[in-house]
Amino acid sequence: MDCTVCKTKTCRTAESCRAEKFNSADIIKIYEEEENQIIVQAAAQLVDNGKAGTLSKLQEIAEFVSTMKYQKVGLAYCYGMEKDAIEVKKYFKQKGIPISAVSCTIGGIAQDNINKESCIHKVSCNPIGQATQLNHEKTDLVLIMGICLGHDILLQRNLEADFTTLVVKDRVHNHNPLHALRN
Ligand code: SF4
């Protein structure tokens, strides 16, 4: 399937083009479930009634946390972004939102312990440990900040709480992958 080359964009008029391989009635039923309705409605509050484009990502997250009545946020950050992580932490603390910040190097495990092919005995990123620690902290939502590709997959697979990405790591393009396409 390649929606990008579609000329009709029928779906944009709230009509199906019949290309989909699911039954919309079944999908709607899933949205109607209480746990999904809560998220859908909280997300709508960020953009409906002309609000779209008025909030930064941090502001959106703070509002979402408030709407969802989350008690505690987790920050899974890359050690290389620690200065920025401190600012993120201050931002949420100022909003009265408790936050647990956990570095990717938690546990101090060496690379040759994590990667069987490595002989480097320097500290490694430890996304499984990072997720396990955040699970222990009982956070309601984890913000992912600059975790390396691959490590982010392991982190997300092992988190028990919901998560959202705050910062995508792109070492070349100041952490905005779209810069590679627009320059
Ligand atoms: S109308 Fe169908 S093919 Fe076209 S963009 Fe929408 S879903 Fe994709």
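As the structure is a prediction and not an experimental result, all values here were calculated from the model. (Residues numbered from 1 in each chain as written. Predicted model: local features only at pLDDT ≥ 70, side-chain atom pairs only at ≥ 80, totals over all residues.)

Visitor: Can you explain the overall build of the chain? Please cite residues and give values.
Guide: Each helix and strand in the chain was counted, giving 8 helices and 4 strands. Counting from the amino terminus, the chain carries its helices and strands in the arrangement α-α-α-β-α-β-α-α-β-α-β-α. Based on the C-alpha atoms only, the size of the chain along its principal axes is roughly 55 × 40 × 35 Å. Scored against the burial criterion, the 183 residues of the chain give a buried share of 20%. (Helix = DSSP H or I, 4+ residues; strand = E, 2+ residues; numbered from the N terminus. Buried ≥ 20, exposed ≤ 12 C-beta atoms within 10 Å, placed from the backbone.)

Visitor: So what's going on with the sheet that holds strand β1 (residues 73-77)? Residues and values would help.
Guide: Within the open sheet, the 4 strands sit side by side as β2-β1-β3-β4. Their pairing is parallel. Edge positions in the sheet fall to β2 (99-103) and β4 (162-167), since each of these pairs with one other strand and no more. Each adjacent strand pair in this sheet contributes to an overall mean axis angle of 25°, direction not counted. In this sheet, β4 lies alongside strand β3 (residues 141-145) in parallel orientation, the contact comprising 5 bridges. The partner of Leu143 across the bridge, within β4, is Thr164. Each of β1, β2 and β3 is contacted by helix α6 (residues 127-136), which is oriented at about 160° to β2, the strand it contacts most. (Pairing = 2+ DSSP bridges. Axes fitted to C-alpha atoms, helices over the stretch in contact; angles between N-to-C directions. Contact = placed C-beta atoms within 7 Å.)

Visitor: I'd like to hear about α6, residue by residue, with values.
Guide: At 3.6 residues per turn, the α-helix brings residues three or four places apart onto the same side. Turning to α6, its buried residues number three or more, namely Pro127, Gly129, Gln130, Ala131 and Leu134. Among the structural elements, β1, β2, β3 and α7 (151-158) are those in contact with the buried residues of α6. Looking one or two residues past α6, Lys138 carries a phi angle of roughly 55°, positive in sign.

Visitor: Go over the packing of helix α2 (residues 34-47) against helix α3 (residues 57-68) with me, naming the residues and quoting the values.
Guide: As a packed pair, α2 and α3 sit with axes 10 Å apart at the nearest point and diverge in direction by 140°. Our classification of the angle between α2 and α3 gives oblique. Considering how the two elements wind past one another, α2 and α3 form a crossing that is right-handed. When α2 is examined against α3, the residues Ala42, Gln45 and Leu46 are found in contact with a partner set consisting of Glu60, Glu63, Phe64, Thr67 and Met68. Among the residues forming the contact of α2 with α3, the class breakdown is 4 nonpolar, 2 polar and 2 charged. (Parallel < 35°, antiparallel > 145°, perpendicular 65-115°, else oblique. Left-handed = near helix turned anticlockwise from the far one by under 90°. Nonpolar A, V, L, I, M, F, W, Y, C, P; charged D, E, K, R; others polar.)

Visitor: Residue-level account of the environment of Leu134, with values.
Guide: Within the secondary structure, Leu134 sits in helix α6. Taking C-alpha positions, Leu134 is 22 Å from Asn115, a pair spaced 19 residues apart along the chain. Beyond its immediate stretch of four places on either side in the chain, Leu134 contacts Gly74, Ala76, Ser100, Val102, Thr139, Val142, Leu159 and Ala161.

Visitor: Please set out the packing of α6 against α7 residue by residue, giving values where relevant.
Guide: Any two packed helices are characterised by how steeply their axes cross, that is the angle between the axes, and by the distance between the axes. Contact geometry of α6 with α7 gives a least axis separation of 8 Å together with a crossing angle of 30°. The pairing of α6 with α7 is recorded here as roughly parallel in orientation. As for the relative orientation of α6 and α7, their crossing is right-handed in sense. Residues Pro127, Ile128, Gln130, Ala131 and Thr132 of α6 touch α7, and the partners they reach there are His151, Leu154, Leu155 and Asn158. Classifying every residue of the contact of α6 with α7 gives 5 nonpolar, 4 polar and no charged.

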